[in-house]
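Observations on the model geometry
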Amino acid sequence: MDVAVRPQAATVMREPSPAGRFGEYGGRYVPESLVPACREVDEAFRAAWSDPRFRSQLTGLLRAYAGRPTALTPAWRLSAELGVTVLLKREDLVHTGSHKINNVLGQALLARRMGKKHLLAETGAGQHGVAAATAAALLGLGCTVFMGERDIERQALNVHRMRMLGATVVPVTTGSRTLKDACSEALRHWVTTVDDAYYCVGSVIGPHPYPWMVREFQRVIGDEARAQCAEHLPAGTPDYVVACVGGGSNAAGTFAGFVDTPARLIGVEAAGGAPLSDGVPGVLHGFRSQLLQDDDGQVREAHSLSAGLDYPGVGPEHAYLRDLGRARYVTADDDEAVAALHRLARTEGILCALESAHAVAWVLRAAGTPELPAGSTVLVTLSGRGDKDMPTLMGETC
Amino acid sequence: MLSLRKDRKLFLPYVTGGVVPQWTDHLLALQDAGADAIEVGLPFSDPMLDGAVVQRASDQAIARGATVDAILADLDRIRGDLRVPLIAFTYTNLVERRGADRFCAMLREHGFGGLILPDLPVDEAGPVLAAAGDLDLVQLAAPATPPDRLERICATSRGFVYAVSVMGVTGERDTLTAEAYGLAGRLKALTDLPVLLGFGISGREQARQAGAVADGVAVGAAVMRRILDGATPADLGTLATEIRAGLDSAQV
Ligand SMILES: Cc1ncc(COP(=O)(O)O)c(C=O)c1O
């Protein structure tokens, strides 16, 4: 299937409307108690993002602390096997082990600039929680992380890391006991603590300005990759750009660097949590987007082996990119992701996160078909490393 | 359209639709013990502004199969006995799912006079307002709401203005806070609509205090905790009588 680059491409992935809309998606569906807090974040982000001092502070941290720029690694053996040229954008190499740190350093600096004393965060895989706990320690802020009980069980390593970094991890025992419920609980808690606490959202979700702000903090992935591709590839840009999509932040950051090129943008959702394939428009956690739900409007639980993709909603800008036809969204299931993780480990010596393995899985499936013809060049964002998933993988047969 | 009494302080209890098999008996008991209108919760899986009690009630109702249609059908069966207005309390996604036009028309057909959507701030209310017709979309104001927004909320609200008494979620609390008094006072200066205090009001003394600064109270968690604990309609009547007495003894 062909994803044609439409003329809108030049204007998409800029600022949303003042009400935070990406087409019919986005917005700010929060209790009145949180409206002033969201406005405060919006104003502070706008001011910070146009302040060269803030920008250079953040760039400095991303370099000296997080270890950016991350490598662009040609996957030689895998490319030879597949007949397509695969380039890996290595977010697994940053400090704390996933792209989440890019966003968190931005938001934590913003929180400090706003005079806030405490970070609140929700987490699924625990990578965002670890990143938030890390940034809080670095900047001398308090940190409370909400995490579903089920995720606490399957991501025990990250729970220990957060606690060691000084964060309080609050188990969430309601609903599906995963990321969805952690988000609800973080929002409830924020209502009671808005004066001192800053809600550090972990993906391109939530009320305006979060989807936009988090994409801007993650665009460093795409901007770096664009420059690196210009060096690596004769054509300057890849034919395909692929990333996994939970809330959609590593994908949004990656796509932002290529949206104005002819590259075809592919987002890969977990088959058990694929609102862009199986959802209908709805409102959850402060924004309107595609959402897994039943006929009455009750949110359906997502089911994915990877905690970071176990979310029934998706960032509003992805729903918009899909409707525009500028990006295409596909799925990979648990088995494909596990198989892809093993194959990448053995061909390239890279043990990526289960979430990232969904992006790899699509490349494995599509390579050599009309979806990804032989001879194409494809950039894949590896959003994180697989250490956190070892207990899960050790339970699976290889 | 909500027609609320003007001759006394208003008592609006909240009941999650379908939470127990005989939930409409609870409704009627509250009516008989002095409720002036009843908020019927249409349960949502992810109630962002609700504390533990109403979350549990919502989960229990959904698990029992309390769809919107089932709740409306239950209400139709007691329609002849209902003398007080009904106000739906739910979350925006339930409206989105059916579309605002269909949703509002459905509520009107089933005799509802008002609608409260705690996750739909006034800035996002346009489509629902356009679809509401004579279904009153009640706006909420919070202690943190700045003056310019309070004006807009009062100008937009229909039926009454819901003053959220705490920066927090629904749930019982021991005392009425200073911020509740402040908010009620600011709203009273801005609007002729009734101003009702809600969130955390759980007994006679708070009802009396609230009645001194506002036109009445909404009471949710205190009702739902009892229902979840197995209270009979008569037990609820006792709570309602207490709150009624508190309101009636308020010194304005
Ligand atoms: C390694 C990794 N990749 C991807 C994700 C999914 O998030 P997003 O879609 O926002 O990039 C997560 C979330 O926890 C993650 O830990």
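About the thresholds
- Residues numbered from 1 in each chain as written.
- Chains lettered and ligands numbered in written order.
- Predicted model: local features only at pLDDT ≥ 70, side-chain atom pairs only at ≥ 80, totals over all residues.
- Heavy atoms only, no water.
- Buried < 20%, exposed > 50% of the residue type's maximum accessible area, 1.4 Å probe, protein only.
- Helix = DSSP H or I, 4+ residues; strand = E, 2+ residues; numbered from the N terminus.
- Pairing = 2+ DSSP bridges.
- Right-handed = clockwise from strand over helix to strand, strands pointing away.
- Domains from an automatic or database assignment.
- Contact = heavy atoms within 4.5 Å.
- Buried area = accessible area lost by both parts, 1.4 Å probe.
- Salt bridge = Lys/Arg side-chain N within 4 Å of Asp/Glu carboxyl O.
- Polar contact = N/O pair within 3.5 Å; in protein donor to acceptor, adjacent residues only side chain to side chain.
- Nonpolar A, V, L, I, M, F, W, Y, C, P; charged D, E, K, R; others polar.
- Near = heavy atom within 4 Å.
- Areas by Shrake-Rupley, 256 points an atom, 1.4 Å probe, with all protein chains shown as cover.

Another point: the pairing of strand β6 (residues 161-164) of chain B. Residue and element names in this part refer to chain B. By the alternation rule, side chains of β6 split into V161 and A163 and Y162 and V164, which are all buried. Inspection of the sheet shows strand β5 (residues 136-141) paired to β6 by 3 bridges, in the parallel sense. Looking at the pairing, Q139 lines up with V161 of β6. You can see the chain leave β5, run along helix α7 (residues 147-156) and come back into β6, and the turn it takes is right-handed. Alignment of β6 against strand β7 (residues 195-198), held across 4 bridges, turns out to be parallel. Each residue of the ladder has a partner; that of V164, found in β7, is G198. Following the backbone out of β6, through helix α8 (residues 178-190) and into the adjacent parallel β7, one traces a crossover that is right-handed.

Attention now moves to the domain arrangement of chain A. All names here are of chain A. Each domain of chain A was delimited in the assignment, giving domain 1 (21-60 + 100-210) and domain 2 (67-98 + 219-393). For domain 1 and domain 2, the distance between their C-alpha centres works out to 22 Å. The interface of domain 1 with domain 2 comprises 40 residues on the first partner and 44 residues on the second. Roughly 3,200 Å² of surface becomes buried between domain 1 and domain 2 when both sides are summed, with 58% attributable to carbon and sulfur atoms. Looking only at domain 1, the three residues that lose the most surface to domain 2 are Y25, R154 and K180, adding up to 21% of its buried area. A salt bridge links R288 to E24; its shortest N-O distance comes to 2.9 Å. There are 18 residue pairs in polar contact (both at pLDDT 80 or more) connecting domain 1 and domain 2. Elements with a contribution of two residues or more to the side of domain 1 that touches domain 2: β1 (21-22), β2 (25-26), α4 (100-113), α5 (127-139), α6 (149-154), α7 (156-164) and α8 (179-193). With 5 residues, α8 is the largest single contributor of residues to the side of domain 1 that touches domain 2. A per-class count over the side of domain 1 that touches domain 2 returns 15 nonpolar, 16 polar and 9 charged.

Tallying the contact residues gives 37 residues for chain B and 38 residues for chain A. Of the roughly 2,900 Å² buried between chain B and chain A, counting both surfaces, carbon and sulfur atoms make up 49%. Summed over the shared surface of chain B and chain A, the result is 6 salt bridges. Between B:E124 and A:R21 there is a salt bridge whose closest N-O contact spans 2.3 Å. Looking at the side of chain B that touches chain A, the elements that each hand over two or more residues are α2 (52-63), α4 (92-98), β5 and α7 of chain B. Of the residues contributing to the side of chain B that touches chain A, the split by class is 19 nonpolar, 7 polar and 11 charged.

Another point: the pattern of salt bridges. Taken as a whole and assessed by the stated rule, the structure comprises 45 salt bridges over all chains. For B:E96, the salt bridge goes to A:R288, with nearest N and O atoms at 2.9 Å. With B:E96 in helix α4 and A:R288 in strand β12 (residues 287-291), this pair bridges two chains. Using a relative accessible area of 24% as the deciding quantity, one classes B:E96 as partly exposed.

Here we take up the site of the ligand. Residues and elements named next belong to chain A. Neighbouring residues of the ligand: 19 residues in total, closest S203, G246, G248, S249 and S383. Between the ligand and G246, the relevant distance is 2.7 Å, taken from an oxygen atom to a main-chain nitrogen or oxygen of the residue. The separation between an oxygen atom of the ligand and a polar main-chain atom of G247 is 3.3 Å. With the chains in place, 98% of the 390 Å² that the ligand exposes on its own is no longer accessible. Classifying every residue of the shell around the ligand by side-chain character gives 5 nonpolar, 12 polar and 2 charged. Residue assignment places the shell around the ligand across two domains, with domain 1 (21-60 + 100-210) and domain 2 (67-98 + 219-393) each supplying three or more.

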